[in-house]
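Structural features, examined
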Amino acid sequence: MQTNFAPAQLADPAMAASEKILRTCVHCGFCTATCPTYLLLGDELDSPRGRIYLIKDMLEGGKPATPEVVKHVDRCLSCLSCMTTCPSGVHYMHLVDHARSYIEETYARPAADRWLRALLARVLPYPNRFRLALLAATVGRPFRGLVAGLPRVGSRLAAMLDLAPGTLPNRSAIDRPGRFPPAGAARGRVALLRGCAQSVLRPDFNEAAIRLLNRHGIEVVQAKGEGCCGALTHHMGREESSHALAKRTIDAWIAEMDGTGLDAILVTASGCGTTIKDYGFMFRDDPAYAEKARRVSAIAKDVTEYVTQIGLMEPVVETDLVVAYHSACSMQHGQGIRTEPKALLKRAGFTVKDVPEGHICCGSAGTYNILQPELAAALRARKVANIERVRPDLIATGNIGCATQIGKGTEIPIVHTVELLDWATGGPRPAALDGLPDRAPLPVAAE
């Protein structure tokens, strides 16, 4: 794509990076075939190619974002399926992230929209605030009908109530900074991201990860001072907020790396993993954080990547259930992790089924299922229908957002991949599987 940016514009590193991305695009349109919003709406401007034209015009002209640009960029899930499909290697993620921060700087959203976005940015990344908000949701749920009728924000507030769990999990004993050593000698040491929303909604995910890693001789630390990775506000265009959160977490991990040392930084929420692996790019021009961010990104791994690396032990429980593996967009498109989780589940004894249209987003996408509830609901219905077609006993995924989104649309139990690996190698049966047939322990081989 030909561009006409002025030299003064290209002096801005963010603009120079976007100009390079724009020049990579050859208008081929392959991305339209795998874009969820284009499949739903059939509007060229709701495809990656269409959004690229809008972003190019906005950035190149150096003009404030218009309502049309904002509408179509806001509808983008950042699922990154287009990046997997693109034959030219267009780095759409960095381009749309820049567009969102530019919109945040130059566009005055309606007051109700500004209020809702500020609420999400000030609540979701902070576990204590989020827990209080979920408690408030239990009070507000009986008034959902009235809430849904509020002008401008009603449908989105109703979506928030719908997504809130019926009962809030108790605080986890491991939801704290600390060291979790294996029973015997350690053969590795890793940091595990505690995160924000996941630590409140599904603390059992990290509990299973710690048990699994300890069983494999890995010491796990949850670093003092670590918090939200910044992904949620980063994808809302709130660069100052997201960078501040990320810096705090980078500092916490660097302290561990420069202290006792770390073999890896592990993540059980793939949406967070995609952002953490991109820290090197995010802070490339920050003299104080460029090197620290690069170091963190270099050792960041999804938990299934790491377990694949160290080797999963033989299963000790018969787990011959049929699992529909839902690969989160941030896992398969954002990080390029496609085979490892399925291979681990098969080694653990599960029958793994691929989901038809597995490359299409479920509609979660961070805060998307709140900010774009109608589109998110349509994508969830499409995803659930495809999952149910393979008639699984349960669903496995590696992202809290997907687990929450899909779980609201089906009665099939949904668990984290690491919960199943933990169970198969000697951990407790995931609570979500109550009601499924019991499986007997495998016989112990005679010595």
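Since the structure is predicted, the reported quantities are computational estimates derived from the model, not experimental observations.

A pair can form between side chains of opposite charge whenever their charged atoms are brought close. Enumeration over the complete set of coordinates arrives at 30 salt bridges. A salt bridge links Glu104 to Arg238; the shortest N-O distance between them is 4.0 Å. Remark: Arg238 occurs in the loop between helix H14 (231-234) and helix H15 (239-258) and Glu104 occurs in helix H7 (residues 92-106); sequence separation between them is 134 residues. Residue class for Glu104 comes out partly exposed when judged on its relative accessible area of 30%. Given a relative accessible area of 21%, Arg238 falls into the partly exposed group. Residue Arg189 is joined to Glu256 by a salt bridge in which the shortest nitrogen-to-oxygen separation is 3.1 Å.

This paragraph deals with the packing of aromatic side chains. This structure, assessed with the given rule, holds three aromatic pairs. Where Phe283 meets Tyr289, the ring centres are 6.1 Å apart and the plane angle is 40°; that geometry is what we call tilted. Members of the aromatic cluster, each reached through a chain of ring pairs, are Tyr279, Phe283 and Tyr289. Positioned over the ring face of Tyr126 is Arg129, at 4.0 Å from the centre of the ring. Lys292 extends its terminal NZ or CZ atom over the ring of Tyr289, reaching a point 4.0 Å from the ring centre.

Bringing empty space enclosed by the protein into the picture now. Within the structure shown, the criterion is met by four cavities of 30 Å³ or more. What the largest cavity holds in volume is close to 140 Å³. If you list the elements that add at least two residues to the lining of the largest cavity, you get helix H4 (48-61) and helix H6 (81-85). The greatest single-element share of the lining of the largest cavity, amounting to three residues, is contributed by H4. Of the residues in the lining of the largest cavity, the class split is 13 nonpolar, two polar and one charged. Roughly 90 Å³ of volume is contained in the second largest cavity.

The rules behind each value
- Residues numbered from 1 in each chain as written.
- Predicted model: local features only at pLDDT ≥ 70, side-chain atom pairs only at ≥ 80, totals over all residues.
- Heavy atoms only, no water.
- Salt bridge = Lys/Arg side-chain N within 4 Å of Asp/Glu carboxyl O.
- Helix = DSSP H or I, 4+ residues; strand = E, 2+ residues; numbered from the N terminus.
- Buried < 20%, exposed > 50% of the residue type's maximum accessible area, 1.4 Å probe, protein only.
- Phe/Tyr/Trp six-rings, centres within 6.5 Å; stacked < 30°, edge-to-face > 60°.
- Lys NZ or Arg CZ within 6 Å of the ring centre and 35° of its normal.
- 1 Å grid on protein atoms, 1.4 Å probe; cavity = no way out; pocket = protein on both sides within 12 Å on 5 of 7 lines; lining within 4 Å.
- Points joined across faces, edges and corners; volume = space filled by probe spheres on them.
- Nonpolar A, V, L, I, M, F, W, Y, C, P; charged D, E, K, R; others polar.

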